[in-house]
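For reference, the chains in residue letters:
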Amino acid sequence: MVIEMNGHSISDEFIDLCYKTAETSLASGEVPVGCIFVQFSSDHPNGHVLVTGHNRTNVTRNATRHAEMECIDKIVAKFGSQMNKLHEIMAETTVLLTLEPCLMCVRALRYLRPKQVLFGARNDRFGGNESVYNVSTNELISDPKLMCYQLLSAKKSIDLLQRFYKQTNESAPKPHRKRLKTSADDSEL
């Protein structure tokens, strides 16, 4: 499947890499979300991958280490000292994600100003592009609107998530069962 967007072809190669990155996340015990930044420029009219990232929240024990934030850190490390250059590169960049970005990640991406974001499944719990709240085009935010489109395979994304939730997550907090209060507990007071 090739996706045509804004005069550029998002090839199977890029889409497959995005899902392979999510598979890497799954294999390491993380929620399987993959992200890649693909730049389309006069030097690279067919696109080239700038950075890839996947969730690392469990291994880092840091809830902010989403796939998008991993990519953002890598791109900022490359070009962050040249903010004008960074915005120029991001204006030529398409972000591919297996899952709709959360509220935090949509806001961070909107600040960076990529050309567009293409994602797979909707994120009904934390989605920042209409599923929960629309951070991508909210008029109260002064940065330019972030164009997000659900064009990747939702089925593939959901299949990855279902595989993850069938596994045991060793890093998950241990559930605390509440002890039922009995009449004997009241008599002790």
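Residues numbered from 1 in each chain as written. Predicted model: local features only at pLDDT ≥ 70, side-chain atom pairs only at ≥ 80, totals over all residues. Heavy atoms only, no water.

**Here we look at the packing of helix H3 (residues 67–79) against helix H4 (residues 83–90)**
Inclusion rule: To define axes, lines are fitted to C-alpha atoms, for helices over the stretch in contact only, and angles between the resulting N-to-C directions are given on a 0 to 180 degree scale. Only DSSP runs of H or I with at least four residues qualify as helices, and only runs of E with at least two residues qualify as strands; both kinds are numbered from the N terminus onward. Should an angle lie under 35 degrees it is considered roughly parallel, over 145 roughly antiparallel, and from 65 to 115 roughly perpendicular; all remaining angles are considered oblique. If you view the pair so one helix is near and one far, a crossing is left-handed when the near helix is turned anticlockwise from the far one by less than a right angle, and right-handed when it is turned clockwise. Residue contacts are defined here by distance: any two heavy atoms, one from each residue, within 4.5 Å place the two residues in contact.
At a minimum axis separation of 9 Å, H3 and H4 run at an interaxial angle of 130°. In this view, H3 runs oblique relative to H4, as classed from their interaxial angle. H4 is crossed by H3, and the crossing has right-handed handedness. Counted together, Ile75, Val76 and Phe79 of H3 and Met83, Lys85, Leu86, Ile89 and Met90 of H4 form the full contact between these two elements.

**A few points about the nonpolar core**
The condition is simple: Among the buried residues, those of types Ala, Val, Leu, Ile, Met, Phe, Trp, Tyr and Cys that are joined through side-chain atoms within 4.5 Å form a nonpolar core. Per-residue accessibility, obtained with a 1.4 Å probe over protein chains only, is compared with the maximum for each type, and a residue is labelled buried under 20%, exposed over 50%, and partly exposed between these values.
Membership of the largest hydrophobic core comes to 31 residues, with the highest contact counts inside it found for Phe37 and Ile75. Within the residue set of this core, elements represented by two or more residues are strand E3 (34–39), strand E4 (48–54), H3, H4, strand E5 (93–99), helix H5 (103–112) and strand E6 (116–121). Tallying contributions element by element places H3 first for this core, with 6 residues. For Ile75, the contacting residues outside a window of four places in its chain are Phe37, Leu50, Val51, Gly80, Leu86, Met90 and Leu112. The next biggest cluster of nonpolar side chains, apart from the first, holds 16 residues, and it includes Ile10, Leu26, Ile36 and Leu160.

**Some words on the pattern of salt bridges**
Rules: The salt bridge criterion pairs a side-chain nitrogen of Lys or Arg with a carboxyl oxygen of Asp or Glu, the two atoms within 4 Å.
One pass over the structure, following the stated rule, counts 9 salt bridges. Across the pair Arg113 and Asp143 runs a salt bridge whose closest N-O atoms are separated by 3.5 Å. Highlighted residues: Arg113 in the loop between H5 and E6 and Asp143 in the loop between E6 and strand E7 (148–150), separated in sequence by 30 residues.

**Quick word on the packing of aromatic side chains**
Where we set the bar: Pairs were defined over the aromatic rings of Phe, Tyr and Trp, the Trp ring being its six-membered one, requiring ring centres within 6.5 Å. Orientation was assigned from the angle between planes: stacked under 30 degrees, edge-to-face over 60, tilted for the rest.
Scanning all chains against the criterion turns up 2 aromatic pairs. Summarising the aromatic geometry, the rings of Phe14 and Phe40 are spaced 6.3 Å apart at their centres and angled 85° between planes, so their arrangement reads as edge-to-face. With Phe14 in helix H1 (residues 12–27) and Phe40 in the loop between E3 and E4, this residue pair connects regions lying 26 residues apart in the sequence. With a relative accessible area of 4%, Phe14 lands in the buried category.

**Observations concerning the confidence of the model for the protein**
For the record, the criterion: Values of pLDDT, which run from 0 to 100, indicate the predictor's confidence residue by residue.
Predicted confidence across the protein gives a mean pLDDT of 87, with 85% of residues reaching 70 or more. Confidence, expressed as mean pLDDT per element, reaches its minimum in the protein at helix H7 (residues 183–187) with 57 and its maximum at E3 with 97.

**Structural notes on a nonpolar patch on the surface**
Stated formally: Nonpolar side chains (Val, Leu, Ile, Met, Phe, Trp, Tyr) are joined into patches within 5 Å and like charges within 9 Å, using only residues with over 30% relative accessible area and no salt bridge. Shrake-Rupley sampling with a 1.4 Å probe provides the accessible areas, and residues are treated as covered by the protein chains on show and by no other component.
Side chains of Leu103, Val132 and Tyr133 sit close together on the surface and give an oily, nonpolar patch of about 260 Å² of accessible area. Structurally, the position occupied by Tyr133 is in the loop between E6 and E7. You can call Tyr133 partly exposed: its relative accessible area is 45%.

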